[in-house]
Amino acid sequence: MTEQMIQAYTNTAAILSGILFWAGFLVFGFIAKRYNTVFNKSTFHGLLMTAPSGILIYSMLMIVKFTMVIKDPAINNMLQLTAYAFLLVSALLCLFGISKFSGLLSSLLKYEGSK
């Protein structure tokens, strides 16, 4: 395998994993929305469904970086840093939403145990 093929494989794997990760969090948000409907308690399902968008933006910026022939290293570095910034913000918002949903599930489990 040539170095270009290995680089293309690595970039494709990173982009596809970002998209699959985003889809997984979207499904998690739908599950939280169901809990909101059933228990009529705030599950932060909106946050759980929108926060992973930074992961999708990261994947899109990586597609732009790797498919377009940009000769300027400064622009490539700017795209990379912007993608990482979106990924970081998305990860922090996802962590916050998951911790809030986990707290709700813990309180529901404690309530069920006191019956």
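Treat the numbers as computed from the prediction; the structure is a model and nothing was measured. (Residues numbered from 1 in each chain as written. Predicted model: local features only at pLDDT ≥ 70, side-chain atom pairs only at ≥ 80, totals over all residues. Heavy atoms only, no water.)

(A) Inspection of the nonpolar core at higher detail. The biggest cluster of nonpolar side chains holds 6 residues, and these are I15, Y58, L61, M62, L79 and A83. Secondary-structure elements contributing two or more residues to this core are α3 (53-67) and α4 (73-113). The dominant element in this core, judged by the number of residues it contributes, is α3, at 3 residues. Excluding residues within four positions of it along the chain, L61 makes contact with L79, T82, A83 and F86. (Core = buried A, V, L, I, M, F, W, Y, C linked by side-chain atoms within 4.5 Å. Buried < 20%, exposed > 50% of the residue type's maximum accessible area, 1.4 Å probe, protein only. Helix = DSSP H or I, 4+ residues; strand = E, 2+ residues; numbered from the N terminus. Contact = heavy atoms within 4.5 Å.)

(B) Examining unusual backbone geometry more closely. In this structure, N40 is a non-glycine residue whose phi angle is positive, near 55 degrees. Among the secondary structure elements, N40 is positioned in the loop between α1 (3-39) and α2 (45-50). At F44, a residue that is not glycine, the phi angle is positive and equals roughly 60 degrees. Within the secondary structure, F44 sits in the loop between α1 and α2. Taking relative accessible area as the criterion, F44 reaches 32% and is therefore assigned partly exposed.

(C) Structural detail: the side chain of Q80. Along the chain, Q80 turns up in helix α4. Given a relative accessible area of 14%, Q80 falls into the buried group. Polar side-chain contacts of Q80 include one of 2.5 Å to the side chain of K65. Those residues in contact with Q80, other than ones at most four positions away along the chain, are M62 and K65. (Polar contact = N/O pair within 3.5 Å; in protein donor to acceptor, adjacent residues only side chain to side chain.)

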